[in-house]
Amino acid sequence: AAAQVVVIGGGFGGASVARALRRADPRIAVTLVEPNPVFTACPFSNVVIAGLRDIGAQRFGYQAVAATGVEVVQQAATAVDPAARRVTLGNGTTLSYDRLVMSPGIDINWNGLPGYGEQAAERMPHAWKAGAQTLLLRRQLEAMPDGGVVVMSAPENPFRCPPGPYERASLIAWYLKTQKPRSKLILLDAKDVFSKQKLFMAAWAELYPGMLEWVSLSDGGKVNRVDPETNTFETDFGSHKADVANVIPPQQAGRIAMLAGVADRTGWCPVDAVTFESRLQPGIHVIGDAAIAGAMPKSAFAADAQAKICALAVARLLGGGVPSEPRLINTCYSLVAPGYGISIAGVYRPVNGQLTDIDGAGGTSPLNAPAHERALEAEYADAWFKTITTEIFG
Ligand code: FAD
């Protein structure tokens, strides 16, 4: 019989690996399990929050994925039995697999920040999963009077999209500067260093002086507790009351990863650096944000790169072969204003079982680039989003 591969999660990693498996070997029967009929992408959702893009541009269906011969099942996976190699779905049916690939993304760690919970997120949105939360934060910004204070909080590492909080702060500052210029944004950070820091800070000094204030860990940026009743963030150095509050909370691998036994005590999933097979459960591979991928960040670009490598490895293993050692690339673009893009890129290979930066490859945009280079990078960012979403969902 044909080999059966089940994929859990139809986001960047999961939809990509499903298609790549069909390309690698059309004899493999691939089933993609995803509860939502439409995927809402996070990259560029900060542009939606700034009012510069419609949420419709973030939405993708699964028709094109199904057209490649992937069986798309619109259900949530509710349990995984690694010994029996079986997945249970929300409707009670089960799927057997020879190999399982999981790309469930993140869940908010609701125990990670005192005062914050699912109820609190309706008042203090995280907007770290795109969709209703993105639109809620957008509406709150629109309703805020000029002169209001926006307070954001960013978590410790690791979390989804390392430059994401800083891109969001930049684009909200753009909105305030152009629409509500007497307002202010405070970004409370649980870290002293962050991705593309020099580039962001130079851009903030140039574009948003006096408007965007970043508070580092050392300066009291770590949030110990939030209070949704008063929209307040509490730190060791005092509290900050917000008109609009955006809490980017601590995160962990999607819940199904815990249920399947592929997550360790960190809340994330240790994997083999060549095949992305779980170090805890043989026969299950984990890619994307849920995986501990060494030096690779939790990005859509990385999830897609891992999906392609994982698909080749799974096809090779099913055929009784030995997967070859991979090289993977990541690039993360950020917009600090419309027409002003910056980026960071890396190239990775397994070293002693960990995905490790290849020295001298990759890097960031130059610190002192002329405006036309920033404009070009904004165009590259746009082109990257079109390319990756067309390859995966188009
Ligand atoms: P996801 O894309 O989140 O997909 C997970 C899927 O699994 C979802 O569709 C979910 O419904 C499904 N799922 C979960 N549990 C189950 C279950 N039990 N059963 C079945 N299905 C399940 N990355 C970039 O590369 N560039 C960017 O510019 C960028 N910008 C970002 C901006 C923001 C504001 C944010 C929050 C993120 C950004 N990212 C960016 C990061 C990117 O969104 C993630 O890294 C990427 O989505 C990870 O892919 P994934 O497959 O791991 O998870």
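Our structure is the block above this text.
Residues numbered from 1 in each chain as written. Predicted model: local features only at pLDDT ≥ 70, side-chain atom pairs only at ≥ 80, totals over all residues. Heavy atoms only, no water.

Asks: Just checking my understanding: could you explain the site of the ligand for this structure?
Replies: The environment of the ligand is made up of 34 residues, and the closest members are G13, E34, S103, R160 and D289. For the ligand, an oxygen atom lies 2.8 Å from a polar atom in the backbone of G13. Between the ligand and S299, the relevant distance is 3.4 Å, taken from an oxygen atom to a main-chain nitrogen or oxygen of the residue. For the ligand, whose unbound accessible area comes to 1000 Å², protein coverage reaches 91%. Those elements that provide at least two residues to the shell around the ligand are α1 (12-24), α2 (45-49) and α9 (300-318). Among the elements that make up the shell around the ligand, the one with the highest residue count is α9 (three residues). Across the shell around the ligand, the residue classes tally to 18 nonpolar, 11 polar and five charged. (Near = heavy atom within 4 Å. Polar contact = N/O pair within 3.5 Å; in protein donor to acceptor, adjacent residues only side chain to side chain. Areas by Shrake-Rupley, 256 points an atom, 1.4 Å probe, with all protein chains shown as cover. Helix = DSSP H or I, 4+ residues; strand = E, 2+ residues; numbered from the N terminus. Nonpolar A, V, L, I, M, F, W, Y, C, P; charged D, E, K, R; others polar.)

Asks: Can you help me understand the packing of aromatic side chains in this one?
Replies: The relation between two aromatic rings is expressed through the spacing of the ring centres and the mutual angle of the planes. On inspection of all chains with the given rule, the structure shows 16 aromatic pairs. Arranged with centres 3.8 Å apart and planes meeting at 5°, the rings of Y166 and F194 form a pair that is stacked. Here F194 lies in the loop between β12 (184-189) and α7 (197-207) and Y166 lies in helix α6 (residues 164-179), a separation of 28 residues in the sequence. Under the relative-accessibility criterion, Y166 is labelled buried at 0%. (Phe/Tyr/Trp six-rings, centres within 6.5 Å; stacked < 30°, edge-to-face > 60°. Buried < 20%, exposed > 50% of the residue type's maximum accessible area, 1.4 Å probe, protein only.)

Asks: Sorry, what's going on with unusual backbone geometry here?
Replies: Between N157 and the following residue, P158, the backbone shows a cis peptide bond with an omega angle of -5°. The backbone of K196 shows a phi angle near 55°, a positive value even though the residue is not glycine. Summarising the element assignment, K196 is placed in the loop between β12 and α7. You can call K196 buried: its relative accessible area is 6%. Of note in this structure, N231 is not a glycine but carries a positive phi near 55°.

Asks: Just checking my understanding: could you explain the sheet that holds strand β15 (residues 232-235) for this structure?
Replies: Backbone hydrogen bonds hold the strands of a sheet together, and the pairing may be parallel or antiparallel. Strand order in the open sheet made by the three strands is β14-β15-β16, with antiparallel pairing throughout. The strands lining the two open edges of the sheet, one partner per strand, are β14 (223-227) and β16 (238-241). Between one strand axis and the next, the sheet turns by 20° as a mean value, whatever way the strands run. With four bridges joining them, β14 and β15 adopt antiparallel strand pairing. What sits directly across from D227, in β15, is T232. (Pairing = 2+ DSSP bridges. Axes fitted to C-alpha atoms, helices over the stretch in contact; angles between N-to-C directions.)

Asks: How should the side chain of R99 be read in this particular structure?
Replies: Mapped onto the elements, R99 comes out in strand β9 (residues 99-102). Taking relative accessible area as the criterion, R99 reaches 14% and is therefore assigned buried. Within the structure, R99 has its side chain in polar contact with the side chain of E277 (distance 3.2 Å). Ignoring anything within four residues of it in the chain, the contact list for R99 reads Q4, V5, V6, E277, G283, H285, V314, L317 and L318. (Contact = heavy atoms within 4.5 Å.)

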